[in-house]
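Observations on chain architecture
Residues per chain are reported as follows:
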Amino acid sequence: MRIVDSLSRRSPRATLIIGLVLATGSLLAAREAQPTTTKPTCADDNGGITLPAGFCATVFADNIGHARHLVVAPNGVVYVNTWSGRYYGNDTPPAGGFLVGLLDSKGEGRADVIVRFGESVRTGSGGGTGITLYRDALFAEVDDRIVRYALPATGIVPTEAPTVIVSGLPLTGDHPMHPFAIDARGALYVNSGSATNACQVQNRMPRSPGHQPCTETETRAGIWRYDANRTAQRFSPAERFVTGIRNAGGIAVDSMGIGIYATQHGRDQLAENWPALYKPEQGANLPAEELVRLERGADYGWPECYFDDTQQKLVQAPEYGGDGGKAVGVCAQRRSPVAVFPAHWAPNDLVLYYGDQFPVRYRAGAFIAFHGSWNRAPFPQGGYNVVFQPFADGKPTGKYEVFADGFAGAVKEPGRAAHRPAGLAVGPDGALYVADDAHGRIWRIIYTGTVAATRGAPASAPSERAEASAPAAPAERVGPPEGIHPDAGADAAGLPTPNGATAAMVALGDRLYHGNTCVGCHGSNAEGTPLGSDLTKGKWLWGDGSLAGISRTITQGVANPKEHTGVMPPMGGAQLSPPDVSALAAYIWALNHRAER
């Protein structure tokens, strides 16, 4: 157990409070020692985010690791699950356990006591995503297990070893995380995301058909149900509750404790893998992200179907006989979503709001944390926000609206975003907490009713919806307009020219890089993201760094990445001629020899 704090810098009262917590494990003692009249204040800039008028935020905690999901106990302690590993470049997480307990002992909207516990790197763990509370116990995902910690009535963090509730959860493939929720009866709903993008024979490779049948769905791409009151359960196909959900990033229970909702990450790479059927603009704007209501035995369509929000229906995927969005086939029998959102925004968590602090219009509605896109490249990325979806009579109604924005900062890209929303929770006082898994920040959002409390104009969604429904470009255009990306053309003038190439080739390579899908995985600055490697540091994973070696990798693609999570189809899924490949190779070579100029 480790306290990330400095007692010597704090006031005598704060030192007394923390001392009581450490000596007795008693949150009650800390509460009795603190002032009762303190009113939370908000940061001048809301911690860098924009909110609707009347709302404001504090940075509740910062730099706590790759924070995923979180939950707030009735006594106000915030518990966070953090993750590590390949998705984060195998960086070094903070010392101590992957689970974190946060206490605001002074009532100022900021955690001044931070305690890490549970499994750690030293015990061979990689952490996890899912976390919740049920019957005075903390349930958390740890690697391939969901475990239960007993929480003392007056404690901050557990003092006893956890009990295993479910083990053997799948950890391979594209979606190894396991968000979960527990309903009022103790039913434990666990996500088992798909191992692939679309159940292709060759994952994410052009024109590769889907497996017939897709046996992956026996253990993946659905939600499994277990009993939160039983121990030592083992994952198996028998407990599958619903199927056809590619990856349920968020699962939530309604106010009755029975109705279950989940988000679905829509599939990627329609245009890259099927260029004869989809234009680049269609690939950026299809398919919709989904909110679904779970019903036992239902099939929500993956991998045979995806939801086209311009047509407002499920249509056949190209891997399963689809023709670019016209054919419906078996999708007529699949279950449609109850609400949809723009493509590739990546809904990573969901919470239904039953607090009484926010205005009435938010009551019983859904907040969704969107992690942010990569597969909208080369067009501007989207998401990196928290949206609100209104509900009426227990059902989604009307369009969503962006509630909190600005998390990414200046650049909305996976490798350059300042923060990426990953988790949501509502406190007992009705405050909304948002977790970021890029740099481990937690925001606490409250409603004051004072318009002056907000910093910046409230975010809205019309431009995104207009973009999603915009007509496709003429068939003769194979890429976006020149300069659609703000970094297009910015680098080439200062780059060296490799032997066997020309400055004009380097400049063309720059335009091709920024005008195609390369930026989605490698970033607009080519310095890499969790999906793709850094192309500027001279580390060659698949060749010797020569023009011929780089051209060969571009042409062949990377079906089995060594260090990253993104599979690269041949030529990145773009339509490149041999001269285009040579120019792109010259540009990548030049990026790695910039210092020699």
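Each remark here, short or long, concerns the structure printed above.
So, here's what we can say about the structure. (Residues numbered from 1 in each chain as written. Predicted model: local features only at pLDDT ≥ 70, side-chain atom pairs only at ≥ 80, totals over all residues. Heavy atoms only, no water.)

Turning next to the overall build of the chain. Summing up its helical and strand segments, the chain has 9 helices and 30 strands in all. A burial count over the chain gives 59% of its 597 residues as buried. If you take every contact in the chain between residues at least 6 apart in sequence, the share linking residues at least 24 apart comes to 62%. Carbon and sulfur atoms form 52% of the exposed surface of the chain, whose accessible area is close to 23300 Å². (Helix = DSSP H or I, 4+ residues; strand = E, 2+ residues; numbered from the N terminus. Buried < 20%, exposed > 50% of the residue type's maximum accessible area, 1.4 Å probe, protein only. Contact = heavy atoms within 4.5 Å. Areas by Shrake-Rupley, 256 points an atom, 1.4 Å probe, with all protein chains shown as cover.)

According to the stated counting rule, one finds 31 aromatic pairs in the structure shown. Each ring, one from Y87 and one from Y88, has its centre 4.9 Å from the other, and the planes form 80°; the classification is edge-to-face. With a relative accessible area of 22%, Y87 lands in the partly exposed category. Between F358 and Y362 the ring centres are 5.9 Å apart and the planes differ by 75°, which places this aromatic pair in the edge-to-face class. The rings of F55, Y353, F358, Y362, F367, F388, F403 and Y447 are connected pair by pair, giving a single aromatic cluster. A cation over a ring is seen here: R361 above Y362, with NZ or CZ 4.8 Å from the ring centre. (Phe/Tyr/Trp six-rings, centres within 6.5 Å; stacked < 30°, edge-to-face > 60°. Lys NZ or Arg CZ within 6 Å of the ring centre and 35° of its normal.)

Moving on, we come to the nonpolar core. Judged by nonpolar contacts, the single largest core of 24 residues is most densely connected at Y513, I554, L576 and L584. Taken together, the elements giving at least two residues each to this core come down to α6 (503-515), α7 (518-522), α8 (547-556) and α9 (578-592). Those residues in contact with Y513 that sit more than four places away from it in its chain are C518, V519, H522, G523, S524, A526, L535, L584 and Y587. L51, F358, F367 and A369 belong to the second-largest nonpolar core, a separate cluster that totals 20 residues. (Core = buried A, V, L, I, M, F, W, Y, C linked by side-chain atoms within 4.5 Å.)

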